[in-house]
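# Architecture and fold: a report
Each chain, letter by letter, is given below.
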Amino acid sequence: MRTQEITVNLGPQHPSTHGVFRLVIHLDGEVATGGTSVLGYLHRGLEKLAESRTYPQFIPYTDRLDYLASMSNNLAYVQTVEKLMGIEVPERAEYLRVIFAELQRIASHMVGVGTFVMDLGAVTAVFYPFIHREKILDLFSMTCGGRLTYNYMRIGGLSHDIPEEFLPKLQEFLDYMRTALEEYHQLVTGNEIFLARTKGVGVITKEMAMSYGLSGPNVRASGVCYDVRKAHPYGIYDRFNFNVPVFESGDTFDRYMVRMIEMEESVKIIRQAIKDLPEGPVLGKVPKLIKPPAGEVYHSIENPKGELGFYIVSDGSPKPYRLHIRRPSFVNLGVLEEIIKGWKVADVIAILASLDIVLGEVDG
Amino acid sequence: MYGSGVVKGLALTLKKFFSKKITEQYPEERPFIDHRWRGSLQLDKDACICCNMCVNACPNGVITLESGKDENNKRFLTRYEVNFERCLVCGLCVEACPKQCLKFTREYELATYFRDDVKLGLYHNPKLSAPSSTYAQKTEQKKEG
Amino acid sequence: MSVLDNLFVKIAALVRTTLTGLGLGDIWVNLAMVILYLAGILGVMITAALVLVLVERKIAGFIQLRPGPNRVGPWGSLQTVADTIKLLTKEDIIPACADRKVFMLAPVLVLVPTILAFAVIPFGKGMIATDVNIGIFYLIAVSSLATIPFLMAGWSSNNKYSLLGGMRAVAQMVSYEVPMVFSLLGVVMIVGSLQMSAIVEAQSKVWFVLLQPVAFLIYVIAATAECNRAPFDIPEGESELVAGVFTEYTGMKWALFFLAEYANLVLVSAIATTMFLGGWHGPVLPGWFWFFIKTSIMIFFFMWMRWTFPRVRVDHLMHFGWKFLVPLSLANIFITGIGVYLYKTIGW
Amino acid sequence: MENNIHALIKDSFPELEIQEGHLQVSPEQLAKLMDFLKENGFAYLHDVTAVDWPQHFTVVYQVRSYEKPDKLTVKVNVAKDKPVVPSMTGLWDSADWLEREVYDMFGIEFTGHPNLKRILLDESFMGYPLRKDFIG
């Protein structure tokens, strides 16, 4: 019998491309024989924009990279500039930064996990994580007045101190998180259909993960124990006690599990940070005009999606000469074309979702 | 046992089916807006010293500030306009203001029917200012008519 | 009590006597009655679909900790009406490269088997449109026709997503027809008749769900797959195939598919009630009300499942159907056969 | 640890100088050096980017190790009139997209790249936007 391969455009408008991502897949019946990623639908030229903005002015733009993890993006950027200028950050600000970055990690993983399970067809499983995430957003908006784009970190510290009612609310949230995660495990993790759909699907081997330069939960699911917080501790992460979850098989289930466990670990870190949170100012001594000395710096942090790096070249003027963003989603997405081969359409969607990309970051 | 995960899931959703709903009934129930909420902008025009700090702080250049000088060589404001269309609502202008005369309001219903209405004319004194922008004229006309 | 119980039967009898009184011949009276029954079934079906759309959205909402539609009318009760008006007034788009005739025919045909199948469902004592003595046989034969409109829709849309969806629909419905039929066979063996009224009558003492628990489970799973509902909604599979076979359908045509989906849901729930849950048998309340309650519980169960589970992958679905459900249902038939034989020979 | 790898590089490439944690190499040396780094545990090509200096382009590679906390910056200067660098796709698969992005934004060619096309911008886009002389 003569059969014909068909080419299907997944995206840029499709319910599960997580934004404006286009994947052209070739199908032999239900099985994908290959695919090509087409990016750039959300390319805003942030790197070029940065060249005509002053250093503090670029902070709000970093919000728009991975818009599910604006706090972490802020943190990566301001730490890079601080490193370039040698600015000291007050202790209290350092602790608060950790608290916010970890809260942001939980919020981002909530969306990552929720949308992943939704792409497997369980619609209810996306509502519960969003309800939990809402509580984090409440904490954020209480502190900095924004729910999505926070613009909270400043070069040398933070824009505001936390309000009085923040810490009790945060404690409440951390206690709530335990039941929330348990419930989610009850709903999703043990479900036989879910297991059948995810176990052994879209395997990224250790070698493949390393060669494709994956980072974040994706690489840790493939048996590589690499977490920037441990490997190259930034800020005050060396003071905290936490585990880095590593799974061996590198399938979609492991990528899901890494995120679930990471949320628990983040809760641990936040609890330690609250315990040690010192009093004091939240903004250090920073010159009025941010004018880093000529030179260059590269700095990267562990973002929820992977390793976010900023490369800044300064010529001594108040505007960066060149600013490059190493976007984890962009690099992580590179492996997709390779790993979808031989999987069904339904799995292609699951694999894409399990990589947990955000198009704002992929396209930069 | 095989199938227990499925049953557990069903048990959870049934529990949720009977638990309290969390939806805010928006137009009737107003949401709680935090005190630090970055909503619309508000200008205390008498306190403004026309130092242009906010204009310089804005990453997108959405603020237009026009001023004149009186007989004592003191600056006074003639026009202050924020093009909210391209505003990032980052708050750098509010932070930059040395007199704290630019503030965020807790207003959050900022959608408008017409594109021109998105622009925020915070202050405009037509008698004092040089030829005003098209936008300013339009709002004037609207108010008169 | 018996007045309420026989309410609809009495009405039918009254109509019949009136018609005979008017001096019409027997053939004409029978024809008129058939049309009336059909109208009644259609009415029930469409009202049920309209109500169920709302109920489904409410159940989804409640499970997801939100109130569901609650803006149009009290408790959102007019939401479906508003939606229907919207769908009726929508532009009816036919893709340029679609096979027009087939494309337009598919949504109409999809309703036919379901309506036909309702003819043999006993809604209450004596409330059955045509009590043919091959009731189940007829039911299975008619309901398996529903596959064809899906394929027609998928093929004629000339859209790759639709085609994939249509192919999936055929594969799924053909496979799940088998275990479904086998699961019903157990009941037939116990009763010894294919007539629906006889099956309900046989359950006056004990419901077949107790005698045939495995068959009931198989039936529920196969029925979910038969009416393409989550977790077996792969022909639609919105996260994979956008909307599967329905991708190109708009307005009223799409609404017809939607209507058929809910009519199908009512149908499989009604069959489950008739075959396993004792049909209209029940104490105190009138029979048709018991039937209504049991069917509603089944429908709730189907909806509850839908809003809990992830979607099954297409090949797992096939494996599960052919490698697990079919052997299991065959084993069930075998054991039932032994049971029936023992019952008859030893007289247990 | 860092000194360790620095010493190792010194041994194999005596002519290279490590300044402030980065290695400056010529395009001809690049392939050999990268091969050597990959052999010695730098399994993670973290980032590839470029800077447009008035006289030349600099392609900047961030190479890292997953197991050890080693990191290294490798820089290559390329001429403005003929910006060509050997591609690293043979060593690391991550180089594929990263190099395509550099090509897209700077027009630097990576010889040996299997699929050197624009990645973020449209195929029909004219010019290379991150060059300083680009007028939008």
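Computed from a predicted model, the values in this text were never measured in an experiment.

## What to know about the overall build of chain A
Counting its secondary structure elements, chain A contains 15 helices and eight strands. Here the C-alpha atoms of chain A give a radius of gyration of 21 Å, agreeing with the 21 Å that 2.2 N^0.38 yields for 364 residues. Taking the principal axes of the C-alpha coordinates as reference, chain A spans close to 75 × 45 × 35 Å. Evaluated residue by residue, chain A yields a buried proportion of 68% over its 364 residues.

## A word on the nonpolar core
Taken as a class, soluble globular proteins show a tendency for nonpolar side chains to be buried jointly. Core analysis: the biggest nonpolar cluster contains 258 residues, and Y256 of chain A together with Y61 of chain D have the highest contact counts within it. Of all hydrophobic cores here, the second largest spans 19 residues; its members include C48, C54, I63 and Y80 of chain B.

## Regarding the packing of aromatic side chains
Enumeration over the complete set of coordinates arrives at 42 aromatic pairs over all chains. Ring geometry for F103 of chain C versus Y249 of chain C: centroids 4.2 Å apart, planes at 5 degrees, classification stacked. Taken together, the positions of F103 of chain C in helix α5 (residues 100–109) and Y249 of chain C in the loop between α13 (238–241) and α14 (251–276) put the pair 146 residues apart, joining distant regions of the chain. You'll find F103 of chain C and Y249 of chain C in the same group, each marked buried. Considering the side-chain rings of Y44 of chain D and Y66 of chain D, the 4.3 Å spacing of their centres and the 10 degrees angle between planes classify their relative orientation as stacked. Of the two residues, Y44 of chain D is situated in strand β3 (residues 44–52) and Y66 of chain D in the loop between β4 (56–64) and β5 (71–79); the sequence distance between them amounts to 22 residues. With respect to class, Y44 of chain D is no different from Y66 of chain D; both count as buried. Taken together, the aromatic side chains of F17 and F18 of chain B together with F62, F300, F301 and W304 of chain C make up a single cluster linked through ring pairs.

## A word on the confidence of the model for chain D
Detailed conclusions should not be drawn from predicted coordinates in areas where pLDDT is low. Residues and elements named next belong to chain D. Per-residue pLDDT for chain D has a mean of 83; in total, 96% of the residues score no lower than 70. When pLDDT is averaged over each element of chain D, helix α3 (residues 95–106) comes out on top at 89 and helix α1 (residues 2–12) at the bottom at 70. Here the predicted complex carries an ipTM of 0.82, next to a pTM of 0.86.

## A word on the interface of chain A and chain D
Across the boundary between the two partners, chain A contributes 39 residues, which contact 39 residues of chain D. Summing both sides of the interface, chain A and chain D together bury roughly 3200 Å²; the carbon and sulfur share of this comes to 56%. In this assembly, chain A and chain D are joined by four salt bridges. A salt bridge links K132 of chain D to E51 of chain A; its shortest N-O distance comes to 3.2 Å. Inspection of the chain A/chain D interface yields 22 residue pairs in polar contact (both at pLDDT 80 or more). Put simply, the parts of the chain that give the side of chain A that touches chain D at least two residues each are α1 (46–50), α8 (206–211), β6 (295–303), β7 (306–314), β8 (322–326), α12 (328–333) and α15 (359–363) of chain A. Of the residues forming the side of chain A that touches chain D, the biggest block, four residues, is contributed by α8 of chain A. Across the side of chain A that touches chain D, the residue classes tally to 18 nonpolar, 10 polar and 11 charged.

## Re the arrangement of the chains
There are four pairs of chains in contact here; the most contacts are made by chains A and D. For the non-touching pair chain C and chain D, the nearest C-alpha separation works out to 25 Å.

## Details of the pairing of β7 of chain A
Residues and elements named next belong to chain A. With nine of its nine residues buried, β7 lies for the most part within the structure. Bridge count between β6 and β7: nine bridges; the pairing is antiparallel. What sits directly across from H299, in β7, is F310. Between the antiparallel neighbours β6 and β7 lie two residues.

## Here's the deal with the pattern of salt bridges
All names here are of chain A. Applying the stated rule across the entire model yields 43 salt bridges over all chains. For E134, the salt bridge goes to R147, with nearest N and O atoms at 2.7 Å. Of the two residues, E134 is situated in helix α5 (residues 124–144) and R147 in the loop between α5 and β4 (153–154); the sequence distance between them amounts to 13 residues. By relative accessible area, E134 is classed as partly exposed at 32%. Using a relative accessible area of 31% as the deciding quantity, one classes R147 as partly exposed. We note a salt bridge from D175 to R271, for which the minimum N-O separation is 3.3 Å. You can see D175 sitting in helix α6 (residues 166–189) and its partner R271 sitting in helix α11 (residues 252–276), a full 96 residues away along the chain. R271 gets classed as partly exposed once you look at its relative accessible area, which sits at 29%.

## Topic: the interface of chain A and chain C
The partner chain C presents 23 residues to the 34 residues of chain A that form the contact. Carbon and sulfur atoms supply 62% of the area buried between chain A and chain C, which totals about 2400 Å² over both sides. It is E30, T124 and I193 of chain A that lose the most area in chain A upon contact with chain C, and together they represent 20% of the buried surface on that side. Remark: the boundary between chain A and chain C carries three salt bridges. Here D315 of chain C makes a salt bridge to K344 of chain A, at a shortest N to O gap of 3.8 Å. Counting the contacts that link chain A with chain C gives nine residue pairs in polar contact (both at pLDDT 80 or more).

## Points about the side chain of S108 of chain A
Residue and element names in this part refer to chain A. Following the sequence through the fold, S108 ends up in helix α4 (residues 91–119). Residue S108 is classed as buried on the basis of its relative accessible area, which comes to 1%. Once residues within four sequence positions are removed from consideration, S108 is found in contact with L68, A69, P304, K305 and D356.

## Examining the sheet that holds β6 of chain A
Residues and elements named next belong to chain A. One open sheet accounts for three strands, arranged β6-β7-β8; its pairing is antiparallel. Only two strands of the sheet have a single partner each, and these edge strands are β6 and β8. Taking each pair of neighbouring strands and ignoring which way they run, the sheet shows an average axis angle of 10 degrees. Across five bridges, β7 lies against β8 in antiparallel orientation. Within β8, the residue paired with Y311 across the bridge is H324. Packed onto the sheet, helix α3 (residues 70–85) meets β6, β7 and β8 and runs at close to 150 degrees relative to β6.

## Considering the environment of P231 of chain C
Within the secondary structure, P231 of chain C is located in the loop between α12 (213–226) and α13. In this structure, the C-alpha to C-alpha distance between P231 of chain C and V102 of chain C, residues 129 residues apart in sequence, is 29 Å. In this view, P231 of chain C contacts I193 of chain A together with T224, F309, P310, R311 and V312 of chain C; residues no more than four positions away in its chain are not counted.

## Observations regarding the UniProt feature "domain: NADH-quinone oxidoreductase subunit D" (unreviewed entry) in chain A
UniProt annotation of "domain: NADH-quinone oxidoreductase subunit D" (unreviewed entry) refers to residues 119–292 of chain A when read in the numbering used here. Structurally, residues 119–292 of chain A is divided into 53% helix and 2% strand, and its ends, taken at the C-alpha atoms, are 45 Å apart.

## Considerations on the pairing of strand β2 (residues 63–69) of chain B
Residue and element names in this part refer to chain B. In terms of strand pairing, β2 meets strand β3 (residues 75–82) through seven bridges, oriented antiparallel. Bridged to S67 within β3 is L77. The turn joining β2 and β3, which pair antiparallel and follow one another in sequence, is formed by five residues; a positive phi near 65 degrees is taken by N73.

## Notes on the side chain of S141 of chain A
Within the fold, S141 of chain A resides in helix α5. S141 of chain A sits in the buried class, given a relative accessible area of 2%. Once residues lying within four places of it in the same chain are set aside, the contact partners of S141 of chain A are G146 and R147 of chain A together with D34, R36 and W37 of chain B.

## Looking at the packing of α6 of chain A against α11 of chain A
Residues and elements named next belong to chain A. Contact geometry of α6 with α11 gives a least axis separation of 11 Å together with a crossing angle of 160 degrees. As summarised for this structure, α6 and α11 are arranged roughly antiparallel, according to the angle between their axes. In this structure, the crossing between α6 and α11 has a hand that is left-handed. Every residue of α11 that contacts α6 at L167, L170, Q171, L174, D175, M177, R178, L181, Y184, H185, V188 and T189 is listed here: F253, Y256, M257, M260, M263, E264, V267, I270, R271 and I274. Classifying every residue of the contact of α6 with α11 by side-chain character gives 15 nonpolar, three polar and four charged.

## Description of the sheet that holds strand β1 (residues 18–19) of chain D
Residue and element names in this part refer to chain D. Taking strand neighbours across the sheet as the criterion, the five strands line up as β1-β2-β5-β4-β3 in an open arrangement whose pairing is mixed. In this open sheet, the two edge strands, each paired with only one partner strand, are β1 and β3. In this structure, β3 lies alongside β4, joined through eight bridges in antiparallel fashion. Within β4, the residue paired with D52 across the bridge is F57. In the packing of helix α2 (residues 27–39) onto the sheet, contacts are made with β2 (22–25), β4 and β5, and the angle to β5 comes to roughly 160 degrees. The sheet strands contacting α3 are β3 and β4, and the helix crosses β3 at an angle near 5 degrees.

Reading the values: rules and limits
- Residues numbered from 1 in each chain as written.
- Chains lettered and ligands numbered in written order.
- Predicted model: local features only at pLDDT ≥ 70, side-chain atom pairs only at ≥ 80, totals over all residues.
- Heavy atoms only, no water.
- Helix = DSSP H or I, 4+ residues; strand = E, 2+ residues; numbered from the N terminus.
- Rg over C-alpha atoms; globule rule 2.2 N^0.38 Å.
- Buried < 20%, exposed > 50% of the residue type's maximum accessible area, 1.4 Å probe, protein only.
- Core = buried A, V, L, I, M, F, W, Y, C linked by side-chain atoms within 4.5 Å.
- Phe/Tyr/Trp six-rings, centres within 6.5 Å; stacked < 30°, edge-to-face > 60°.
- pLDDT = per-residue confidence, 0-100.
- Contact = heavy atoms within 4.5 Å.
- Buried area = accessible area lost by both parts, 1.4 Å probe.
- Salt bridge = Lys/Arg side-chain N within 4 Å of Asp/Glu carboxyl O.
- Polar contact = N/O pair within 3.5 Å; in protein donor to acceptor, adjacent residues only side chain to side chain.
- Nonpolar A, V, L, I, M, F, W, Y, C, P; charged D, E, K, R; others polar.
- Pairing = 2+ DSSP bridges.
- Axes fitted to C-alpha atoms, helices over the stretch in contact; angles between N-to-C directions.
- UniProt positions renumbered as here; feature names shortened; annotations may be inferred.
- Parallel < 35°, antiparallel > 145°, perpendicular 65-115°, else oblique.
- Left-handed = near helix turned anticlockwise from the far one by under 90°.

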